[in-house]
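Now for the letters of each chain:
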Amino acid sequence: MTDNNLSDDWWKQAVVYQIYPRSFKDVNGDGIGDIRGVTEKMGYLKNLGVDAVWLSPFYPSELADGGYDVMDYKNVDPRLGTMDDFDQMVQAAHDSGLKIIVDIVPNHTSDQHKWFRQALAAGAGSAERDRYIFRKGRGEHGELPPNGWMSLFGGSAWEQVDDGEWYLHIFAKEQPDLNWKNPDVHEEFKDVFRFWSDHGTDGFRIDVAHGLAKDLDSRPLAELDRWPIQQQSEYHNYEHPLWDRPDVHEIYREWRQVFNEYQPHRFAVGEAWVVPEHQHLYASEEELGQVFNFEFAKANWECDALYRAIDEGLVSADESGSTTTWVMSNHDVIRQATRYALPQVDSVNYHQLGKDWLLRNGQSYREDRPLGTKRARAGFALEAALPGSVYIYQGEELGLFEVPDIPWDRLEDPTPHRTSRQYIEKGRDGCRVPLPWEAGDKPAPSDWDPAFGQGASFGFSPAKRSDGSDCADPHLPQPLWFEDFAVDHEDRDPESMLNLYRRALQLRAQLLTPTGDTTVQALTQEAGILSYRRAATMNGAAGELVCLTNFSEEPVDLPEGEPVLTSGPLENGRLPQDTTAWVLRPAGENR
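Position labels on residues start from 1 in each chain and follow its written sequence. Restriction of local features to residues with pLDDT of at least 70 applies here, the model being predicted, together with a cutoff of 80 or more for giving and counting side-chain atom pairs; totals for whole chains, interfaces and linings are based on all residues. As a convention, hydrogens and water are excluded, and side-chain values are obtained from all of the structure's heavy atoms.

Peer 1: Any chance you could explain the overall build of the protein chain here in plain terms?
Peer 2: Within the protein chain, the secondary structure is distributed over 15 helices and 18 strands. Throughout, the radius of gyration refers to the C-alpha atoms, and the reference size of a globule is 2.2 Å times the residue count to the power 0.38. Scaling as 2.2 N^0.38, a compact globule of 591 residues should have a C-alpha radius of gyration of about 25 Å, and the protein chain matches this with 24 Å. Principal-axis analysis of the C-alpha atoms gives the protein chain an extent of 75 × 55 × 45 Å. Remark: exposure states derive from per-residue accessible area (1.4 Å probe, protein chains only) relative to the maximum for the residue type, with buried under 20%, exposed over 50%, and partly exposed in between. The 591 residues of the protein chain split such that 61% are buried. Counted over contacts in the protein chain with a minimum sequence separation of 6, partners at least 24 positions apart contribute 67%. Surface accessibility of the protein chain: about 22200 Å² in total, with carbon and sulfur atoms responsible for 46%. Charge assignment in this entry is limited to Lys and Arg as positive and Asp and Glu as negative, and neither His nor the chain termini are counted. By convention, the point assigned to a charge is CZ for Arg, NZ for Lys, CD for Glu and CG for Asp. Here the protein chain contributes 57 positively and 99 negatively charged side chains, and the mean placements of these two sets differ by 1 Å. Put simply, DSSP H or I for four residues or longer makes a helix, DSSP E for two residues or longer makes a strand, and each gets a number counted from the N terminus. Residues are treated as being in contact if the distance between any of their heavy atoms lies within 4.5 Å. Shrake-Rupley sampling with a 1.4 Å probe provides the accessible areas, and residues are treated as covered by the protein chains on show and by no other component.

Peer 1: Can you walk me through unusual backbone geometry in this structure?
Peer 2: Working note: non-glycine residues mostly have negative phi, and peptide bonds are mostly trans. That bond from Q263 to P264 is cis: its omega, -10 degrees, falls within 30 degrees of zero. Structurally, P264 can be placed in the loop between α6 (248-259) and β8 (267-270). Its identity as a non-glycine residue notwithstanding, N572 has a phi of 55 degrees, on the positive side. Among the secondary structure elements, N572 is positioned in the loop between β17 (562-566) and β18 (579-586). With a phi angle near 60 degrees, D578 is a residue other than glycine that sits in the positive phi range. With respect to the helices and strands, D578 occurs in the loop between β17 and β18.

Peer 1: Help me understand the packing of helix α12 (residues 369-384) against helix α15 (residues 497-512) in this model?
Peer 2: Think of two packed helices as two axes; the pair is described by the angle between the axes and how far apart they sit. Lines fitted to C-alpha atoms define the axes here, with helix axes fitted over just the stretch in contact, and angles between the N-to-C directions of these axes take values from 0 to 180 degrees. Contact geometry of α12 with α15 gives a least axis separation of 10 Å together with a crossing angle of 15 degrees. The orientation of α12 relative to α15 falls into the category roughly parallel. Considering how the two elements wind past one another, α12 and α15 form a crossing that is right-handed. Contacts between α12 and α15 involve T373, A376, R377, F380 and A384 from the first element and M497, L500, Y501, R503, A504, L505 and R508 from the second. When residues are grouped by polarity, Ala, Val, Leu, Ile, Met, Phe, Trp, Tyr, Cys and Pro land in nonpolar, Asp, Glu, Lys and Arg in charged, and all others, Gly among them, in polar. Across the contact of α12 with α15, the residue classes tally to eight nonpolar, one polar and three charged. Here is the rule for angles: anything less than 35 degrees is roughly parallel, anything more than 145 is roughly antiparallel, 65 through 115 is roughly perpendicular, and the remaining ranges are oblique. The crossing is said to be left-handed when, going from far helix to near helix, the turn is anticlockwise and less than a right angle, and right-handed when the turn is clockwise.

Peer 1: Would you mind showing me how to read the packing of aromatic side chains here?
Peer 2: Any aromatic ring pair is given by two values, namely how distant the centres are and how the planes are angled relative to each other. When the centres of two rings from Phe, Tyr and Trp lie within 6.5 Å, Trp using its six-membered ring, the rings pair. Their planes under 30 degrees apart give stacked, over 60 give edge-to-face, and anything left gives tilted. Tallied over the full model, the rule gives 41 aromatic pairs. Between W180 and W255 the ring centres are 5.9 Å apart and the planes differ by 65 degrees, which places this aromatic pair in the edge-to-face class. Here W255 lies in helix α6 and W180 lies in the loop between β6 (166-168) and α5 (183-198), a separation of 75 residues in the sequence. W255 carries the same exposure label as W180, and that label is buried. Considering the side-chain rings of W481 and F482, the 5.1 Å spacing of their centres and the 70 degrees angle between planes classify their relative orientation as edge-to-face. Of the residues examined, F482 reaches a relative accessible area of 1% and is grouped as buried. Whether a charge sits over a ring comes down to the Lys NZ or Arg CZ being within 6 Å of the ring centre and within 35 degrees of the ring normal. K41 extends its terminal NZ or CZ atom over the ring of W437, reaching a point 4.3 Å from the ring centre.

Peer 1: Where do I start with the sheet that holds strand β15 (residues 529-538) in this structure?
Peer 2: Note on sheets: strands pair through backbone hydrogen bonds, and any given pair is parallel or antiparallel. Here the rule is simple: two strands pair whenever DSSP picks up at least two bridges between them. Across the sheet, five strands lie side by side as β14-β15-β16-β18-β17; this open sheet has antiparallel pairing. Each end of this open sheet is capped by a strand with a single partner; those strands are β14 (522-526) and β17. Between one strand and the next, the sheet's axes are offset by a mean angle of 25 degrees, whatever the strand orientation. Where strand β16 (residues 541-550) meets β18, eight bridges bridge the pair, whose relative direction is antiparallel. For N550, the partnering residue across the bridge sits in β18 and is T579. Sheet strands touched by α12: β15, β16, β17 and β18. Its angle to β18, the strand with the most contacts, is close to 30 degrees.

Peer 1: Is there a simple way to explain the pairing of β8 in this structure?
Peer 2: The side chains of a regular strand alternate between the sheet's two faces. Where burial is concerned, the two faces of β8 agree: the one with F267 and V269 and the one with A268 and G270 are both buried. Relative to β8, strand β7 (residues 203-206) is paired through four bridges, and the arrangement is parallel. Residue F204 lies in a different strand from β8, and its bridge partner there is A268. When β8 meets strand β9 (residues 289-291), the two strands line up parallel, connected through three bridges. Note on β9: the bridge partner recorded for V269 is Q290.

Peer 1: Hey, could you run me through helix α3 (residues 83-95) in this one?
Peer 2: Count 3.6 residues to each turn of an α-helix, and residues three or four apart come out pointing the same way. Under the convention used throughout, the expected extent of a helix is 1.5 Å for every residue step, that is, one less than its residue count. Here α3 contains 13 residues, and its C-alpha end-to-end distance of 18 Å stays within 8% of the 18 Å for a straight helix at 1.5 Å per residue. The inward-facing, buried residues of α3 contact α1 (35-40), α2 (42-48), β2 (52-55), β3 (99-104) and α5. Positive phi appears at G97, one or two residues downstream of α3, with a value of about 80 degrees.

Peer 1: How should the pairing of β14 be read in this particular structure?
Peer 2: For β14 and β15, the ladder comprises five bridges, and the chain directions are antiparallel. Note on β15: the bridge partner recorded for L523 is Y532. Taking the residues between adjacent antiparallel strands as the criterion, β14 and β15 are bridged by two residues, where A527 takes a positive phi near 55 degrees.

Peer 1: Even after reading the chapter, I still don't get the sheet that holds strand β5 (residues 158-160), so can you show me in this structure?
Peer 2: Taken together, the three strands give an open sheet; going across it, the order is β4-β6-β5, and neighbouring strands pair in antiparallel fashion. Across the chains shown, the open sheet's two edge strands, defined by having one partner strand only, are β4 (134-135) and β5. Relative to β6, β4 runs antiparallel, the two being bridged by two bridges. Of the residues in β6, the one forming a bridge with F134 is Y167.

Peer 1: Which parts of the structure should I look at to understand α12?
Peer 2: Between its first and last C-alpha, α12 extends 22 Å over 16 residues, near the 22 Å set by a 1.5 Å rise per residue. When α12 is considered as a whole, its buried residues turn out to be G372, R375, A376, R377, A378, G379, F380, A381, L382, E383 and A384.

Rendered as structure tokens:
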């Protein structure tokens, strides 16, 4: 057990590693990662220095949206394993001192879920149909959707069924939205939380946490077009009918009663794309416990932007009485090494330049990879010393870049196939390509595109299936440049991104987490230098750690003390541009 995990409130300072199961490790050779692959790599995760593992959805699914279209919330997708495999994975994690967090998707189900099939069979006005959001259409015969909302994945947000009614789907049409005004929905998800808690799960990540409560009845649906679905996190006064409704918090207070049935109490972290001043409501220990601070992931590599993101996260944590989370990447956003390698341009929508770059297969702007790597190293060092929880997305610790040139006919994400005109995007597959584990297991250039490989898989899949047959190619193609980012390659290089992550997390666990102090003594920005101080342990005595990142063009002097970590080499003892340093010194020194 990690020292942090000995505490009942372990999640407040945890380092959490996000696994996208289908792309993490394939044990049976079918080209899809599986639960046994997570078990196999538990030693790697422990050695990395994390406290917990978060699994993105692994439930039975038609994969209309990467597993977020759930057919059965209380089972494992047969392509990924069995419940016995899950139980063995949990046991392996607990034996390694790690916690397990699973993803819960309560905004919508799959259209193949038994409830939705029952709703279609039962017909209009039925109790079964009331579990979802059905409405009559417009037009003389109801042939037009109830209003003009466009789904986040493109096309109308309404789908018509055989009897003429329409159902709401904020995401893909295979993901009908649940009606959280229906008591059956409430009871079902309380049972889901108990099921996974009884199977040893320690916490939950809540998908679309800001979207469950909806108000489609107080005003005519036609008037609601003025609030596009695409505007998720721009409203301060609860006026949007779909996002961040105040009554969503009644749901989470109900869930808290279930979480507290267990010892230690279960917790949840909410994916809530809301304005910063609303984050603390979700993160209250009377509700979920934590909420993702996406401002950090949205920010460009700019001193002012990152200062604001940190400051807002700390304020939100103070208001909630909890701690905040620090997130640089996840399965939904462009990898930070690429974001920082591209021109840093402010835009109305976050990451817009990166999305435009993806749309053109990475050919529209120059991706300066050495610069992106340098900034990603500095960014992680800046993040890792902050109080609260740190979330690492698989492959981030290898410094992986986004894969922008996956051929369009190989894409799995629904976004590129359903968006159009000004909303068109290539989607999220570029950060979901299966991980490279072994540089020597290098595939041959493919016949369809020599930039990608086929045959071998950089150790993602075994050399052969158990019956001796060849393994399937990975479900998303791996670029040949993955060779330089394979785990075994980076493991041998003391200056690799992987070993920087290991050193930073080891120091965090030794110097910062044991204090139990989740405050920042000072957060400043001046002349392009972003700096903060935290309480630390120093040879058994009280100390402080100073973290500073240099965004300016000139090297700067370090404060007095012992430099215990730098994201890159110093220049004559001074901190160069795009570099972060941790300096340890006795408490009370202000030099």
